[in-house]
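Residues per chain, in single letters:
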Amino acid sequence: GLKIATIGGGSSYTPEIIEGFIKRYAELPVKDLYLVDIEAGKWKLEIVGQLARRMVKEAGVDINIHLTLDRREAIKDADFVTTQFRVGLLEARIRDEKIPLRYNCIGQKTTGAGGMAKALRTIPVILDIAKDMAELAPDAWLINFTNPSGIITEAVSKYTDIKVLGLCNVPIVMEKMTAEILETAADKLRMDFVGLNHLVWGRAAYLNGENKINEVITKLASGNFRGVKNIPDYEWGTDLLNSVGMLPCPYHRYYYLTDLMLKEEIKAARNEGTRGEVVKKLEASLFELYKNEDLKVKPKELEERGGQYYSDAACDLISAIYNDKGTIHYVNVKNNGTVNCLPNDSVIERTSYVGKNGATPLNSDPLPSQIKGLLQVVNEYETLTIEAGVHGDYNAAFQALTIHPLVESSIVKDLLADIISENIDYLPQF
Ligand code: NAD
Ligand code: G6P
Ligand code: MN
């Protein structure tokens, strides 16, 4: 039977992935699911683990749910390892959001300075996990969901021999939105996504073989369509959309509407709190719900989190590998020359075929200037962040922030000093 280890199993997102495995049980018969956490997350693991057990019992599927703080026991002989941990928990996320705001700079958990801080904390842990895998489950796949998903996946891809793919719910959310705009079903569409995680563009939207992207952009400019829960749905404006000629992802608002987003963040920080502070309250009420022994399914309230549809992405991907399906998925995968303006060893977010040997990104036509410039800069920021994260290279960290389009260069020295000193407990490499 299949063995799966989920690192960060105490996450409030866990009912998502449990539901995903339940729904696909016939094609993906998971026998043992190990939910792994650390001492600080033990209470969460207990609560969400009990809910997971009630969910599989209610569904009548035979998945053994194991709750453990022993990561090695969980990884040993696993077929798939999925990661959804957060080093430093929500307190660290809130710092990632607040530190840049002191400098009047975008404070976001994956995009810009906050994302770099999260990457620096996470890279040592993911490399440790990869080391355990190399020793205890060398043939297993690592399906990474931990943010910044593209950077973390790239660190593993560059510095280990582990088979790895990264995931994000954003492409699926964009596909569903496109389906809504075109008044069709998402499974009738095939999206051509290209870019990096949280910097991905929908270049084409094929419906019955016909590219409908222009219609999508026109309708998007005049309508009101929901993106992800954690980002305000500010309108893009017709000129912006037409000049890009592609579907931007919700995170593009930080680049295309920077001032507006910064003002919104400053206002939120003063009122309801940063998104991390809001999520802290949300999480507390979710765990109250999860404690209720009458709850035996994934509660609706989980939809208030930004990671909606995560389990569809993760479980469909795992099933495609396990069953050697050769189906289309939107994943973070080694570029390998498919996007010719990016290095071969960069990890890109791309429409890919997936089967038992993993993901093969589709070849891409050369990218137009309007997306190539931004993409290349952010890709090099990511490369520098990985060097800083792996080697504790201060100069690389300094330049990562300096070249980042959302960071004003004269604040870098002080901003970086704050990031390092306030995260020092989680930065063994520095
Ligand atoms: P969370 O703060 O609830 O953390 C999840 C769990 O990780 C906690 O129970 C915590 O105790 C545990 N943890 C921390 N350090 C650990 C370690 N070293 N080993 C094992 N477990 C550890 O976070 P969350 O809000 O549930 O999000 C989890 C992760 O998933 C984050 O990294 C988040 O950014 C990511 N995420 C990604 C996407 C995506 O689209 N890729 C969407 C949503 C969330
Ligand atoms: C989605 C992203 C994730 C992100 C999450 C935030 O937008 O794709 O990568 O982590 O939502 O959600 P939250 O509810 O934690 O703010
Ligand atoms: Mn994401």
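What you see is a predicted model; the values in this text were computed from it and never measured.

A. Fine view of the layout of surface pockets. Space inside the largest pocket adds up to approximately 910 Å³. If you go around the largest pocket, you meet 48 residues; those closest to its centre are Q84, F85, R86, V87 and T146. Every element with two or more residues in the lining of the largest pocket is listed here: α4 (89–102), α5 (113–136) and α12 (275–291). No other element matches α5, which puts four residues into the lining of the largest pocket.

B. Expanded view of the pairing of strand β4 (residues 80–83). Of the two faces of β4, both are covered, the one formed by F80 and T82 as well as the one formed by V81 and T83. Two strands pair when backbone bridges link them, and strand β1 (residues 2–7) and β4 are joined in this way by four bridges, in the parallel orientation. Looking at β4, one finds that I4 is bridged to F80. As paired elements, β4 and strand β5 (residues 141–144) share four bridges and run parallel to each other. Residue T83 lies in a different strand from β5, and its bridge partner there is N144.

C. The site of ligand 1, seen in detail. Near ligand 1 lie 25 residues; those nearest to it are S11, D37, K44, R86 and K118. Note that an oxygen atom of ligand 1 is positioned 2.5 Å from one of the side-chain N or O atoms of S11. E283 places a polar side-chain atom, nitrogen or oxygen, 3.5 Å from an oxygen atom of ligand 1. In the complex, 95% of the free accessible area of ligand 1, which totals 860 Å², lies under the protein chains. A molecule is said to occupy a pocket when more than half its atoms come within 2 Å of that pocket's grid points, and by this definition ligand 1 occupies the largest pocket. Residues that form the shell around ligand 1 fall into these classes: nine nonpolar, nine polar and seven charged.

D. Looking closely at the side chain of E349. Checked against the element boundaries, E349 lands in strand β11 (residues 347–355). R350 provides the closest opposite charge to the buried, unpaired E349, separated from it by 10 Å. When near neighbours in sequence (up to four residues on either side) are disregarded, E349 contacts C168, P171, F193, V194, G195, L196, N197, H198, V200, V331 and N332.

E. Summary view of the pattern of salt bridges. Within this structure, the stated rule accounts for 28 salt bridges. With its nearest N and O atoms 3.5 Å apart, the salt bridge here joins E283 to K44. Residue E283 is located in helix α12, and its partner K44 is located in helix α2 (residues 42–59); the two are separated by 239 residues in the primary sequence. The exposure class assigned to E283 is buried, which follows from its relative accessible area of 13%. Between K212 and E215 there is a salt bridge; the shortest N-O distance is 3.8 Å. Assessed through its relative accessible area of 19%, K212 is described here as buried. Judged by relative accessible area, which is 31%, E215 ranks as partly exposed.

F. Highlighting unusual backbone geometry. Following N147, the chain continues to P148 via a peptide bond in cis, the omega torsion being -10°. Checked against the element boundaries, P148 lands in the loop between β5 and α6 (149–159). Even without glycine at this site, D77 takes up a positive phi of about 60°. Checked against the element boundaries, D77 lands in the loop between α3 (71–75) and β4. You will see that Y309, though not glycine, has its phi angle at about 70°, which is positive. Position of Y309 among the secondary structure elements: in the loop between α12 and α13 (310–322).

G. Broad picture of the packing of aromatic side chains. Using the criterion set out here, one finds nine aromatic pairs in the structure. Judged by centre distance (6.4 Å) and plane angle (80°), the rings of Y13 and Y310 are edge-to-face. With Y13 in the loop between β1 and α1 (14–23) and Y310 in helix α13, this residue pair connects regions lying 297 residues apart in the sequence. The class of Y13 is buried, set by a relative accessible area of 13%. Among the aromatic residues, those joined into a cluster by ring pairs are Y13, F145 and Y310. In this structure, K3 packs its charged tip against the face of Y34, placed 4.3 Å from the ring centre. Positioned over the ring face of Y309 is K176, at 4.6 Å from the centre of the ring.

H. Representation of the coordination of the manganese ion (ligand 3) in the model. Taken together, C168 (SG) and H198 (NE2) make up the protein donors of the manganese ion (ligand 3), found 2.2 to 2.3 Å from the metal. Of this pair, C168 sits in the loop between β6 (163–166) and α7 (170–181) while H198 sits in the loop between β7 (189–196) and β8 (199–207), and the two are 30 residues apart along the sequence. Side by side, C168 and H198 carry an identical accessibility label, which is buried.

I. Local environment of empty space enclosed by the protein. Under the criterion given, the structure shown has one cavity of 30 Å³ or more. In this structure, the largest cavity is lined by 14 residues; those nearest its centre are T110, T111, N197, H198 and E382. Elements with a minimum of two residues in the lining of the largest cavity: α6 and α14 (369–391). For the lining of the largest cavity, the leading source of residues is α14, giving three residues. Of the residues assigned to the lining of the largest cavity, the class counts are six nonpolar, seven polar and one charged.

Analysis parameters
Residues numbered from 1 in each chain as written. Chains lettered and ligands numbered in written order. Predicted model: local features only at pLDDT ≥ 70, side-chain atom pairs only at ≥ 80, totals over all residues. Heavy atoms only, no water. 1 Å grid on protein atoms, 1.4 Å probe; cavity = no way out; pocket = protein on both sides within 12 Å on 5 of 7 lines; lining within 4 Å. Points joined across faces, edges and corners; volume = space filled by probe spheres on them. Helix = DSSP H or I, 4+ residues; strand = E, 2+ residues; numbered from the N terminus. Buried < 20%, exposed > 50% of the residue type's maximum accessible area, 1.4 Å probe, protein only. Pairing = 2+ DSSP bridges. Near = heavy atom within 4 Å. Polar contact = N/O pair within 3.5 Å; in protein donor to acceptor, adjacent residues only side chain to side chain. Areas by Shrake-Rupley, 256 points an atom, 1.4 Å probe, with all protein chains shown as cover. Sits in = over half its atoms within 2 Å of the grid points. Nonpolar A, V, L, I, M, F, W, Y, C, P; charged D, E, K, R; others polar. Lys, Arg positive; Asp, Glu negative; His and termini not counted. Salt bridge = Lys/Arg side-chain N within 4 Å of Asp/Glu carboxyl O. Contact = heavy atoms within 4.5 Å. Phe/Tyr/Trp six-rings, centres within 6.5 Å; stacked < 30°, edge-to-face > 60°. Lys NZ or Arg CZ within 6 Å of the ring centre and 35° of its normal. Donors = N, O, S within 2.8 Å, 3.2 Å for Na, K, Ca; no water.

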